[in-house]
Amino acid sequence: MSNMFCFAADCVLGEESWSNPDGSNEQYAIWPTNPLDWYDIRTELPYMAEICLNDCTEPIGKELIRYIRLHLEHTEEMELWRLWMGEEEYKIRWYVISIDELTPKDLQILYSMPDLYSMNTHDPDGVTLPSERPVQHCLIITREPCQWDGHGVKNWRDLYPST
């Protein structure tokens, strides 16, 4: 079982790697993969790319936003998933934001979202109990601002206002 951060889209996703030119250890790699190879991802989009990184820092967030913008020239939306791989049953939380609203901080928040059994519930006595199932998070990033009223999809800004 492992954590995974990946894109899904209906356009071909390019391979890319980046290292911070300031000499720090910040880097990432993106490589295309087949969504059919991953039963854990619940997307209907035909293209997927895995993002390999140790941390989602502000410079990395800026580069990922540049990557997303480039691909949104060819499609209306992309999905960015924060997954816990290897579980049979889990909850999915869907969010939406337009590319013009997306910030590196949003990507940092998504990257650090709780996953396996860490979305806690509280009982009346104030005791924190683990969730019954792990949670997968999907941020839908749109080219144009839109009003989502789909079942189960929440506006990201309603949950995490920009700071």
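The shown structure was predicted, so the numbers you read here are calculated from the model rather than taken from an experiment. (Residues numbered from 1 in each chain as written. Predicted model: local features only at pLDDT ≥ 70, side-chain atom pairs only at ≥ 80, totals over all residues. Heavy atoms only, no water.)

Comments concerning the pairing of strand S2 (residues 16–19)
Phase 1: Residues Glu16 and Trp18 point to one face of S2 and are all buried, whereas Ser17 and Ser19, pointing to the other face, are not buried.
Phase 2: Sheet analysis places S2 next to strand S3 (residues 27–33), joined by four bridges and oriented antiparallel. Within the sheet, the bridge partner assigned to Ser19 lies in S3 and is Gln27. (Buried < 20%, exposed > 50% of the residue type's maximum accessible area, 1.4 Å probe, protein only. Helix = DSSP H or I, 4+ residues; strand = E, 2+ residues; numbered from the N terminus. Pairing = 2+ DSSP bridges.)

Concerning the side chain of Arg82
Phase 1: Relative to the helices and strands, Arg82 is located in strand S5 (residues 77–85).
Phase 2: We classify Arg82 as buried; its relative accessible area is 8%.
Phase 3: At a separation of 2.5 Å, a polar atom in the side chain of Arg82 contacts the main-chain carbonyl oxygen of Tyr111. (Polar contact = N/O pair within 3.5 Å; in protein donor to acceptor, adjacent residues only side chain to side chain.)

Considering the nonpolar core
Phase 1: In this structure, Phe7, Leu64, Leu80, Leu102, Leu139 and Ile141 are the most contacted members of the largest nonpolar core, which totals 31 residues.
Phase 2: Looking at this core, the elements that each hand over two or more residues are strand S1 (2–9), S3, strand S4 (47–53), helix H1 (58–72), S5, strand S6 (91–98), helix H2 (104–111) and strand S9 (135–142).
Phase 3: A per-element tally of this core places H1 first, with six residues.
Phase 4: Ignoring any residue separated from it by four or fewer positions in sequence, one finds Ile141 in contact with Ile68, Leu72, Glu76, Glu77, Met78, Leu80, Ile97, Ser98, Ile99 and Leu102. (Core = buried A, V, L, I, M, F, W, Y, C linked by side-chain atoms within 4.5 Å. Contact = heavy atoms within 4.5 Å.)

Focus: the confidence of the model for the protein
Phase 1: Per-residue confidence for the protein averages 81 on the pLDDT scale, and 75% of its residues sit at or above 70.
Phase 2: Taken element by element, the predicted model of the protein shows its lowest mean pLDDT in strand S7 (residues 121–122) (42) and its highest in H1 (97).
Phase 3: The low-confidence segment residues 116–129, where pLDDT is below 50, has 25 contacts with residues more than four positions distant or belonging to other chains. (pLDDT = per-residue confidence, 0-100.)

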